[in-house]
Amino acid sequence: MAEQNELMELAKRRGFFFGSNGAYGGTAGFYTFGPEGASLKHNVESAWRDQFTVRLGNDEIEAPTIMPEAVFEASGHLDGFDDMLVECAECGESHRADHLIEDAVEGIEDAEALGVDRVEELIREHDLACPTCGADLAGEPVEDFNLMFETSIGPGSGQPGYMRPETAQGIFVEFPRLKEYARGQLPFGVTQIGPAYRNEISPRRGIIRVREFTQAELEQFIDPEEDEPPLGEVDDVEVTLYPATEQNADDGDYVDTTIGEAVEEGIIGSPWVAYYLGIAQEWYERVGVDMDRFRFRQHLSGERAHYAADCWDAESEISGNWIEIAGFAYRGDYDLTKHGEYSEDRFTVFKRYDEPITVEKAVVDPDMSALGPEFGGAAADVAEALQELADEDPEAFEGDEVTVDVDGKSYTVDTEVANFSVEEQTESGEHITPHVVEPSFGVGRTVYTLLEHGYSEDEVDGETRSYLSLAPEMAPTNVAVFPLVSNDSELVEVATEVSGSLREAGISVTYDDSGSIGRRYRRQDEVGTPFCVTVDHEGLEGDGKQTVTLRERDSATQIRLPVDDVAGELEAMLAG
Ligand code: ATP
């Protein structure tokens, strides 16, 4: 297993990722993916798109990353997307107050749920010190700090805007259009892969907690009363679950079970969430997460985001810590209802009944001339209030008079003037607000997990070597091609030809002729290249077919095969 420092060093040295803006002293919380890292990240995104968009039959969109304030007023992020901050008066460093408590006080796993005042008290009671300079934090206030980056749209004072803290809102606000593409039919799913921004109080652990990161999200819109997921597809998928009820037990009791049983026994409440846990389990396995270092943990009730009714995290074990790499939230109708309330658009779908139904409808048809002079300018509003009352409480019209309030003033109307009646009407359906189930993946945390779980060391030819055992589908490069020595024109010519033919076959190739052959193998091992092809003299000698060696990364074993067979063999091996 890699120590975190070793991996960070390898990531930097081999071009996976490094802190951004180093020339200007660096900017905490921002990382640049180098050539190998960008390629690995791209492969993770492609595999995600293949599973969650293509195979599941969903649609992908790409929305802007800056959105106006009104969106986040409606979504609740403006008010509620906060972390607890405590700033050291001595060194000026900011810290997550809840994390300090969780690290220092045994038995507290979710300090955020305790609220700002209690966390401030706990800092005093436990005499907590600043982790950076050791100064006393007891006298410092704890505040809620909103994590969104604010900006202004347009010149001058402009219009306030925010960098989106999750890709999800870009999907929700376009629901009125997206439902049309889905022809108004539930269930349907919309995906998006793109950057999200959070002004994290203390970014740390390399790319695990950063201020700009990539999310891959799926918003599954369902009719909660009718739509069932195809659970049969994932019934037998084996998972390790860590339900909220078990999390206070000593050592934690994991439940090793299948998705089918977890639903049957009520461990996972929502079948849709269960379905996506099953799909995610298989996907993580496909991309090369070590499933012995992977689990699903249910959120404790105080830990859930403001929109979530139930939430499970996918967690991977990284350097001895469990890190959230994806969240699976049952968001209910929270987001669509809010955008419906705050905007002018309609965030519902029309649900057609199997057969039209006949309903009795209370109707008032007031004699407006009778309401007119006596009621002044309020007549139309009084008529509307009478209809609302008829809808809610038709019995109110049984007496001689009926009273309604308009703008705080009471109006009494003769029931004959109100003209109350009950009519039969035919209805073909109703407008419903879909519920949302959201699998939300962090791409960077997945990349980090693959690096850490893939990192291995062994001994080859009496020397320790480190290598990345990445799944071929994830590896930045499929094959490296080497001439054994660089100053032999024949070897170089054949190696160049081999590279060209592999590239034509759609295989990604690195050509390398610098340094000793041993060094070149080590370099490829460290970036996870699954195969190396070497052109040597032995393979070109004689009258028979020209041959090359093919070396496999993890076993470091080599076979010799004819040049003409290389592309075909590799295609077969890469397809797994
Ligand atoms: P955390 O508790 O670690 O702050 P979160 O619960 O706020 O994460 P979500 O809002 O569920 O995270 O976001 C979905 C996914 O986005 C996470 O599972 C994670 O992989 C990723 N993510 C969230 N915040 C960050 C960050 N600051 N840096 C990198 N990835 C992140």
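Residues numbered from 1 in each chain as written. Predicted model: local features only at pLDDT ≥ 70, side-chain atom pairs only at ≥ 80, totals over all residues. Heavy atoms only, no water.

### Quick word on the pattern of salt bridges
Keep this limit in mind: In what follows, salt bridge is the name for a side-chain nitrogen of Lys or Arg lying within 4 Å of a carboxyl oxygen of Asp or Glu. Every helix listed is a DSSP run of H or I at least four residues long, and every strand listed is a run of E at least two residues long, numbered separately from the N terminus. Remark: exposure states derive from per-residue accessible area (1.4 Å probe, protein chains only) relative to the maximum for the residue type, with buried under 20%, exposed over 50%, and partly exposed in between.
Per the stated rule, a full pass over the model turns up 33 salt bridges. Here Arg13 and Glu526 are joined by a salt bridge, their closest N and O atoms 2.8 Å apart. Highlighted residues: Arg13 in helix α1 (residues 4-13) and Glu526 in helix α17 (residues 517-526), separated in sequence by 513 residues. What makes Arg13 partly exposed here is its relative accessible area of 41%.

### Describing the site of the ligand
The following threshold applies: One heavy atom within 4 Å of a molecule or strand makes the whole residue count as near it. Identification of polar contacts relies on pairs of N or O atoms within 3.5 Å, with a donor-acceptor requirement for protein atoms, meaning one able to donate a hydrogen and the other able to accept it, and with residues adjacent in sequence counted only if both atoms are side-chain atoms. Each accessible area is a Shrake-Rupley estimate made with a 1.4 Å probe; only the visible protein chains count as cover when residues are assessed. Gly falls in the polar group here, along with every residue not listed as nonpolar (Ala, Val, Leu, Ile, Met, Phe, Trp, Tyr, Cys, Pro) or charged (Asp, Glu, Lys, Arg).
Taken together, 15 residues are adjacent to the ligand, and Arg198, Glu200, Arg209, Val210 and Glu324 come closest. Within the side chain of Gln215, a nitrogen or oxygen atom sits 3.3 Å from an oxygen atom of the ligand. Against a free-state accessible area of 590 Å², the protein chains account for coverage of 82% of the ligand. Counting residues per element, the ones that place at least two in the shell around the ligand are β11 (212-222), β16 (321-332) and β21 (435-442). Sorting elements by how many residues they give to the shell around the ligand places β16 first, with four residues. Here the residues of the shell around the ligand sort into six nonpolar, four polar and five charged.

### Examining the packing of helix α2 (residues 35-55) against helix α15 (residues 443-454)
In a packed pair of helices, the relevant descriptors are the angle between the two axes and the axis-to-axis distance. The condition is simple: Comment: axis = line fitted to C-alpha atoms, over the contacting stretch for helices; angle = value between 0 and 180 degrees taken between N-to-C directions. For classification purposes, angles smaller than 35 degrees are called roughly parallel, those larger than 145 roughly antiparallel, those between 65 and 115 roughly perpendicular, and all remaining angles oblique. Left-handed is the label given to a crossing in which the near helix is rotated counterclockwise from the far helix by less than a right angle, and right-handed is the label when the rotation is clockwise. By the convention used here, residues are in contact when the closest approach between their heavy atoms is within 4.5 Å.
The N-to-C vectors of α2 and α15 enclose an angle of 115 degrees; their axes lie 10 Å apart at closest approach. The orientation of α2 with respect to α15, classified from their angle, is roughly perpendicular. Viewed along their axes, α2 and α15 form a crossing whose handedness is right-handed. Contact residues: Leu40, Lys41, Val44 and Glu45 in α2; Val443, Thr446, Val447, Leu450 and Leu451 in α15. A breakdown of the residues in the contact of α2 with α15 according to their chemical character gives six nonpolar, one polar and two charged.

### Thoughts on the domain arrangement of the chain
It is common to give the size of an interface as the accessible area that goes away when the parts come together. The condition that has to hold: Per the annotation, domain bounds derive from an automatic or database assignment of domains.
Along its sequence, the chain is carved into domain 1 (355-431) and domain 2 (477-575). Centre-to-centre, using C-alpha coordinates, domain 1 lies 84 Å away from domain 2.

### Here's the deal with the packing of aromatic side chains
Condition: When the centres of two rings from Phe, Tyr and Trp lie within 6.5 Å, Trp using its six-membered ring, the rings pair. Their planes under 30 degrees apart give stacked, over 60 give edge-to-face, and anything left gives tilted.
Under the defined criterion, the tally for this structure stands at 25 aromatic pairs. Between Trp48 and Phe52 the ring centres are 4.9 Å apart and the planes differ by 20 degrees, which places this aromatic pair in the stacked class. Of this pair, Trp48 and Phe52 are both found in helix α2, four residues apart, which corresponds to roughly one turn of the helix. Judged by relative accessible area, Trp48 falls into the buried class, the value being 1%. Residue classification places Phe52 among the buried residues on the basis of a relative accessible area of 0%. Where Trp283 meets Phe441, the ring centres are 5.6 Å apart and the plane angle is 85 degrees; that geometry is what we call edge-to-face. A residue pair is termed long-range when its members are at least 10 positions apart, and Trp283 in helix α10 (residues 271-287) and Phe441 in strand β21 qualify at 158 residues. Take Trp283 and Phe441: they sit in the same class, and that class is buried.

### A word on α10
Let me state the cut-off plainly: Multiply 1.5 Å by the residue count of a helix minus one, and that product is the helix's expected span.
Taking 1.5 Å per residue as the helical rise, α10 with its 17 residues ought to reach 24 Å, and the 24 Å between its terminal C-alpha atoms agrees with that figure. Of all 17 residues that make up α10, 13 are buried, and the element is covered over most of its length. Gly288 sits one or two residues past α10 and shows a positive phi near 105 degrees.

### Quick look at the packing of α1 against α15
Packing of α1 against α15 leaves a shortest axis separation of 11 Å and a crossing angle of 110 degrees. Regarding the angle of α1 to α15, the classification is roughly perpendicular. Crossing angle aside, the handedness with which α1 passes α15 is right-handed. Residues Gln4, Leu7 and Met8 of α1 pack against Tyr448, Leu451 and Glu452 of α15. Taken together, the residues of the contact of α1 with α15 break down into four nonpolar, one polar and one charged.

### Quick look at the side chain of His435
Within the fold, His435 resides in strand β21. A distance of 2.9 Å separates a polar atom in the side chain of His435 from a polar atom in the side chain of Tyr330. Once residues lying within four places of it in the same chain are set aside, the contact partners of His435 are Gln220, Phe221, Ile222, Pro224, Tyr330, Gly332 and Asp333.

### Structural notes on the nonpolar core
Short version of the rule: Here, the term nonpolar core denotes a set of buried Ala, Val, Leu, Ile, Met, Phe, Trp, Tyr and Cys residues that are joined through side-chain atoms within 4.5 Å.
Among the nonpolar cores identified, the biggest contains 61 residues, and Tyr284, Phe296, Phe328 and Phe441 are the most heavily contacted of them. Among the elements that make up this core, the one with the highest residue count is α10 (eleven residues).

### Some points on the sheet that holds strand β14 (residues 294-298)
Keep this limit in mind: Two strands pair under a simple rule: DSSP has to find at least two bridges between them.
If you trace the nine strands from one edge of the open sheet to the other, you get β3-β10-β11-β21-β16-β15-β14-β12-β13, paired in mixed fashion. Strands at the two margins of the open sheet, each flanked by one partner only, are β3 (59-60) and β13 (255-258).

### Digging into unusual backbone geometry
Most of the time, phi is negative for any residue but glycine, and the peptide bond is trans. Residue Leu186 is joined to Pro187 through a cis peptide bond whose omega torsion reads -5 degrees. Note that Pro187 resides in the loop between α8 (175-181) and β10 (188-197). Positive phi, close to 50 degrees, is recorded for Asp407, a residue that is not glycine. When you line up the elements, Asp407 lands in the loop between β18 (401-406) and β19 (409-414). Here Asp407 falls in the exposed class, since its relative accessible area comes to 76%.

### Some thoughts on a negative patch on the surface
The line we're drawing: To count toward a patch, a residue needs a relative accessible area over 30% and no salt bridge; like charges are then connected within 9 Å, while nonpolar side chains (Val, Leu, Ile, Met, Phe, Trp, Tyr) are connected within 5 Å. Under the convention used here, Asp and Glu are negative, Lys and Arg are positive, and both His and the chain ends fall outside the count. To locate a charge, the coordinates of NZ of Lys, CZ of Arg, CG of Asp or CD of Glu are taken.
A cluster of like negative charges, contributed by Asp381, Glu384, Glu388, Glu392, Asp393, Glu395, Glu398 and Asp407, occupies part of the molecular surface. Turning to its location among the elements, Asp393 is positioned in the loop between α13 (379-392) and β18. Judged by relative accessible area, Asp393 falls into the partly exposed class, the value being 35%.

### Brief notes about the state of the cysteines
As a reminder, the rule being used: The disulfide definition used here is simple: a pair of cysteine sulfur atoms within 2.5 Å.
Under the counting rule described, the total for this entry stands at zero disulfides. In this structure Cys91 is not part of a disulfide, and its nearest cysteine sulfur, from Cys133, lies 3.7 Å away. Judged by relative accessible area, which is 34%, Cys91 ranks as partly exposed. Here Cys130 is not cross-linked by a disulfide; its sulfur's nearest cysteine counterpart is in Cys91, at 3.7 Å.

### Some details on the sheet that holds strand β5 (residues 82-87)
Taken together, three strands build an open sheet; the order of strands is β6-β5-β7 and the sheet is antiparallel. Looking at which strands have only one partner, the edges of the open sheet turn out to be β6 (94-96) and β7 (142-146). Direction aside, neighbouring strands of the sheet carry axes that sit 45 degrees apart on average. Contacting β5, β6 and β7, helix α5 (residues 97-104) runs over the sheet at an angle of about 60 degrees to β6. Where helix α6 (residues 116-125) meets the sheet, its contacts fall on β5 and β7, and the angle it forms with β7 comes to roughly 130 degrees.

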